[in-house]
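# Results of the structural survey
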Amino acid sequence: MPKNNRPEFHWDDNRKAYKKVLKHPITGRWSVTVWGKTKPILREKVAEKEAELAALKAEYDAGNADGKLYVYQYAQTWYRLNTGGVAERTRKGYQNVINNHICPVIGGMELSAVTSDDAKKVISAAVEKGLAIETQKKIISTMQNIFEAAVDADKIRKNPCKNLEAQGRKPPKKKALTREQQQTVVAALKGEQIYIFVMLCLFCGLRREEALGLQWRDVHLDETGKAPWLEVCRTCTWPHNKPHVTEYTKSAAGHRRLPIPDTLAEALRAEPRTGEHVCHTAKGAAYSETSFRNAWAAVTDRFEHTVQYKQRVKGEDGVSVWKIVTETLKVGDAVPHKDRVVAFDFSFTPHTLRHTYITELIYANVPLKTVQYLAGHATPDITISIYTDIMLNKPEDTIAQVNEGFKHFQAQSPSTNDEKNAEIP
């Protein structure tokens with residue numbers, strides 16, 4: 001047989017450690033990752049983990065013969081019954097949570113034997129992996145849904161996940177782009193393939209999958225007697241890295257009609273229609289996950305960042321050799337080996353552009369219900385929970401009330417002071 005040339009371990013440059021992924025014996029997924037700073041340490045940890053998984057499999061085999069219902073089994077049932085009508089991206093999220101976070105910890109346990117302490121172990125494992133609080137909340141939500149469904153189906157008596165809480169620091173508040181930054185983004189990216197996508201997210205607040213699913217038949221620029229508008233009624237997902245456009249949105253509230261601001265309308269009129277999709281590759285096709293990542297590089301390449309590249313230099317003996325060059329790029333610097341110049345001393349994502357759009361609506365005193373509709377939020381509570389810190393909190397909105405509170409310190413006129421002094425005996 002030919003020799004297996006795959007490396008024993010893989011080096012992760014971000015964590016500066018070696019890793020090895022093992023197959024979970026119950027779920028059949030390659031979902032158990034073991035880390036080690038050195039290869040000898042990792043070998044020991046792998047041996048310990050393999051022994052642990054083997055014991056888990058033996059326990060499962062023994063229990064399964066008795067017809068017991070295990071967490072991984074009911075999680076699969078719950079997934080089949082509850083994800084039929086949801087978006088592909090949401091289904092993948094559930095798959096990830098169940099296969100990579102829940103089942104590796106409690107998947108081999110009997111469903112009725114899981115306690116609140118066992119459920120907490122799932123979150124503790126997520127914390128050890130350094131997962132963000134938002135990711136932990138998704139894990140908690142999924143577990144609560146699974147076990148609540150088991151209660152409703154009379155599989156267990158109570159839900160052990162009701163009081164779970166995410167651990168660690170809360171992520172910093174998302175910041176919208178300033179108006180100067182917005183202008184910088186639009187000017188720097190004009191002419192790039194990603195330009196129209198950026199404009200749709202910034203000027204209409206579209207989610208990434210909504211912008212990529214938008215088709216020209218959904219865009220209405222020159223209807224007599226009507227302002228330019230577009231209809232959000234499709235989303236684009238990437239099963240197996242291929243674009244898949246469907247005629248449904250993230251939720252019922254996601255289906256909406258949006259006015260197109262003049263700046264965006266002008267850009268759309270100038271955009272050549274080389275295919276049915278408004279945002280597309282250079283060949284006019286819908287973006288795959290890989291092609292979109294490559295197109296978005298036109299943005300990330302313009303961030304201030306550090307690069308490494310090889311360069312031919314002459315050594316002391318006059319012989320030309322390759323040398324690794326590390327360079328920190330600032331605004332105005334040319335990006336090595338690319339026809340681009342660093343333009344942003346800030347970073348942003350597609351969601352930052354959407355966040356900026358909603359923030360500008362609030363700053364313009366657009367009514368809350370209108371903001372909710374334009375943002376595609378299911379309820380106004382969602383809008384309030386995210387943006388309450390900026391609603392009516394600008395200095396120009398609050399200065400009158402603050403002055404009223406401290407009016408007793410306002411300077412009095414000289415004539416008033418003279419009258420008061422005259423009254424003093």
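Quick caveat: nothing in here was measured; it's all calculated off a predicted structure.

Bringing the overall build of the chain into the picture now. Of the regular secondary structure elements, the chain holds 15 helices and ten strands. Counting the 425 residues in the chain, one finds 39% classified as buried. Taking the intrachain contacts of the chain between residues at least 6 apart in sequence as the baseline, contacts between residues at least 24 apart amount to 57%. With an accessible surface of roughly 25,900 Å², the chain has 51% of that area assigned to carbon and sulfur atoms.

Read from one edge of the open sheet, three strands run S1-S2-S3, paired in antiparallel fashion. One side of each edge strand has no neighbouring strand; the edge strands of this open sheet are strand S1 (10-12) and strand S3 (30-36). Pairwise comparison of adjacent strand axes, ignoring direction, gives a mean angle of 40° for this sheet. Two strands pair when backbone bridges link them, and strand S2 (residues 17-23) and S3 are joined in this way by six bridges, in the antiparallel orientation. Across the sheet, Leu22 pairs through a bridge with Val32, a residue of S3.

Let's shift gears to the packing of aromatic side chains. Summed over the entire model, instances satisfying the criterion amount to 13 aromatic pairs. Note on Trp296 and Phe348: the rings are 6.0 Å apart at their centroids and 85° apart in plane angle, and the pair reads as edge-to-face. Of this pair, Trp296 sits in helix H10 (residues 289-300) while Phe348 sits in the loop between strand S10 (320-329) and helix H11 (350-363); the two residues are 52 residues apart in sequence, bridging distant segments of the chain. Judged by its relative accessible area of 3%, Phe348 is buried. Plain terms: the ring middles of Phe303 and Phe348 are 5.6 Å apart, the flat faces sit at 70° to each other, and that makes the pair edge-to-face. Of this pair, Phe303 sits in the loop between H10 and strand S9 (305-314) while Phe348 sits in the loop between S10 and H11, placing them 45 residues apart in sequence. In textbook terms, an aromatic cluster arises when at least three aromatic residues are bridged by ring pairs, as seen for Phe197, Trp238, Tyr287, Phe292, Trp296, Phe303, Phe344, Phe346 and Phe348.

So, about the packing of helix H12 (residues 368-375) against helix H13 (residues 380-387). Viewed as axis vectors pointing N to C, H12 and H13 meet at an angle of 95°, and their least axial separation amounts to 9 Å. As summarised for this structure, H12 and H13 are arranged roughly perpendicular, according to the angle between their axes. Counted together, Leu368, Lys369, Val371 and Gln372 of H12 and Pro380, Thr383 and Ile384 of H13 form the full contact between these two elements. The class makeup of the residues in the contact of H12 with H13 is four nonpolar, two polar and one charged.

Turning our attention to the side chain of Thr352. Its place among the elements puts Thr352 in helix H11. Judged by its relative accessible area of 15%, Thr352 falls in the buried class.

Counting residues in each nonpolar core, the largest one holds 54 residues, and the members touching the most others are Ile194, Phe197, Leu200, Leu230 and Phe348. Among the elements of the structure, helix H6 (179-189), helix H7 (195-204), helix H8 (208-213), strand S5 (229-232), helix H9 (262-270), H10, H11 and H12 are those that each provide at least two residues to this core. In terms of residue count, the dominant contributor to this core is H7 (ten residues). Residues within four places of Phe348 in sequence aside, it is in contact with Leu177, Val185, Trp296, Val299, Phe303 and Leu353. Residues Val71, Tyr74, Ala149 and Ala150 belong to the second largest nonpolar core, which totals 29 residues.

All right, on to a nonpolar patch on the surface then. A contiguous nonpolar patch, built from Ile399, Val402, Phe406 and Phe409 and spanning about 450 Å² of accessible area, is present on the exposed surface. Within the secondary structure layout, Phe409 lies in the loop between helix H14 (395-405) and helix H15 (414-423).

A few words now on the pairing of S9. Pairing between S9 and S10: ten bridges, direction antiparallel. Note that in S10 the partner of Arg312 across the bridge is Trp322. Here S9 folds back onto S10 in antiparallel fashion, the turn holding five residues, of which Gly318 has a positive phi close to 85°.

Moving on: the confidence of the model for the chain. Mean pLDDT over the chain stands at 86; residues scoring 70 or higher make up 89%. Looking over the chain, one finds the lowest element-wise mean pLDDT in H15, namely 50, and the highest in H7, namely 97. This model gives residues 419-425 a pLDDT under 50, and the stretch forms one contact once residues within four places in sequence are excluded.

Right, let's talk about H12 for a bit. Considered for burial, the residues of H12 that qualify are Val371, Gln372, Leu374 and Ala375. Against strand S8 (256-259), H11 and H13 lie the buried residues of H12. A positive phi of about 80° marks Gly376, the residue just after H12.

So, on to helix H5 (residues 133-152). The end-to-end C-alpha distance of H5, which contains 20 residues, comes to 28 Å, matching closely the 28 Å that a straight helix rising 1.5 Å per residue would cover. By the burial criterion, the buried members of H5 are Ile133, Gln136, Ile139, Ile140, Thr142, Met143, Ile146, Phe147, Ala149, Ala150 and Val151. Downstream of H5 by one or two residues, Asp154 has phi in the positive range, about 60°.

A word on the environment of Ser116. Relative to the elements of secondary structure, Ser116 occurs in helix H4 (residues 116-128). For the pair formed by Ser116 and Leu164, sequence separation is 48 residues and the distance between their alpha carbons is 8.0 Å.

Throughout the structure, instances matching the rule amount to 17 salt bridges. Here Glu223 and Lys226 are joined by a salt bridge, their closest N and O atoms 3.7 Å apart. Among the residues examined, Lys226 registers a relative accessible area of 52% and is labelled exposed. With a closest N to O distance of 2.9 Å, Asp301 and Lys338 form a salt bridge. A residue pair is termed long-range when its members are at least 10 positions apart, and Asp301 in the loop between H10 and S9 and Lys338 in the loop between S10 and H11 qualify at 37 residues. Looking at Asp301, the relative accessible area reads 9%, which means it is buried. Linked through salt bridges whose partners overlap, the residues forming this network are Glu192, Asp301, Arg302, Lys338 and Arg340.

Basis of the calculations
- Residues numbered from 1 in each chain as written.
- Predicted model: local features only at pLDDT ≥ 70, side-chain atom pairs only at ≥ 80, totals over all residues.
- Heavy atoms only, no water.
- Helix = DSSP H or I, 4+ residues; strand = E, 2+ residues; numbered from the N terminus.
- Buried < 20%, exposed > 50% of the residue type's maximum accessible area, 1.4 Å probe, protein only.
- Contact = heavy atoms within 4.5 Å.
- Areas by Shrake-Rupley, 256 points an atom, 1.4 Å probe, with all protein chains shown as cover.
- Pairing = 2+ DSSP bridges.
- Axes fitted to C-alpha atoms, helices over the stretch in contact; angles between N-to-C directions.
- Phe/Tyr/Trp six-rings, centres within 6.5 Å; stacked < 30°, edge-to-face > 60°.
- Parallel < 35°, antiparallel > 145°, perpendicular 65-115°, else oblique.
- Nonpolar A, V, L, I, M, F, W, Y, C, P; charged D, E, K, R; others polar.
- Core = buried A, V, L, I, M, F, W, Y, C linked by side-chain atoms within 4.5 Å.
- Patch = residues over 30% accessible without salt bridge, like charges linked within 9 Å, V, L, I, M, F, W, Y side chains within 5 Å.
- Salt bridge = Lys/Arg side-chain N within 4 Å of Asp/Glu carboxyl O.
- pLDDT = per-residue confidence, 0-100.
- Expected span 1.5 Å × (residues − 1).

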